[in-house]
Amino acid sequence: MNSLAVLASTADPAFASDMQGRICLWNEAAQSLFGKKADQVLGKFCFEIIQGRDSYGNRFCNSACTVRQMACLHEPIHGFEILIPGATADSLQARCSIIVLSRGARGRRLLVHLLQVPAAAATAITAS
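A brief report on the enclosed structure follows. Keep in mind that this is a model prediction, so the values were computed, not measured.

## Focus: the side chain of Arg 68
For Arg 68, the location among the structural elements is in helix H5 (residues 66-72). Buried and unpaired, Arg 68 has no salt bridge, with Asp 18 as the nearest side chain of opposite charge at 6.7 Å. The contacts of Arg 68, once residues within four sequence positions are left out, are Asp 18, Met 19, Gln 20, Gly 21, Ser 63 and Leu 111.

Shown next as structure tokens:
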């Protein structure tokens, strides 16, 4: 099983974007959390879909993505807290971990975003 297939099967919300910020993987848990199906988000810029904000409500996700910049510089990307709009709530706090995957001979890189949401939100996700 390849790494993207593993991510597609996780119960935690997960998505991957390319180095231009376009979503190329969107698992079922992400679909439930954001209320958007894969065919609605694949190929779109992640900042347009995720609309993440920091703990103060300031825009975190944007076209000049800090996470993407760090990946380009081969810097370690530590997990962080982010506020995201949920399908059934105004906003949810999530813990986001990033995995940088290199794929193919050309070294195509993908940024995998794994989200951990509070237990109440996770219950709502699995119930839908």
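## Examining the side chain of Arg 109
Its place among the elements puts Arg 109 in strand E5 (residues 108-116). Among buried Asp, Glu, Lys and Arg side chains, Arg 109 stands out as unpaired, with Glu 75 the closest opposite charge at 11 Å. A polar contact of 2.6 Å, which involves the side chain of Arg 109, links it to the backbone oxygen of Ala 71. Reaching out from Arg 109, the side chain makes a polar contact with the side chain of His 74 at a distance of 3.5 Å. Excluding residues that lie within four positions of it along the chain, Arg 109 makes contacts with Asp 18, Met 19, Ala 71, Cys 72, His 74, Val 100, Leu 101 and Ser 102.

Conventions and cut-offs
- Residues numbered from 1 in each chain as written.
- Predicted model: local features only at pLDDT ≥ 70, side-chain atom pairs only at ≥ 80, totals over all residues.
- Heavy atoms only, no water.
- Helix = DSSP H or I, 4+ residues; strand = E, 2+ residues; numbered from the N terminus.
- Buried < 20%, exposed > 50% of the residue type's maximum accessible area, 1.4 Å probe, protein only.
- Lys, Arg positive; Asp, Glu negative; His and termini not counted.
- Salt bridge = Lys/Arg side-chain N within 4 Å of Asp/Glu carboxyl O.
- Contact = heavy atoms within 4.5 Å.
- Polar contact = N/O pair within 3.5 Å; in protein donor to acceptor, adjacent residues only side chain to side chain.

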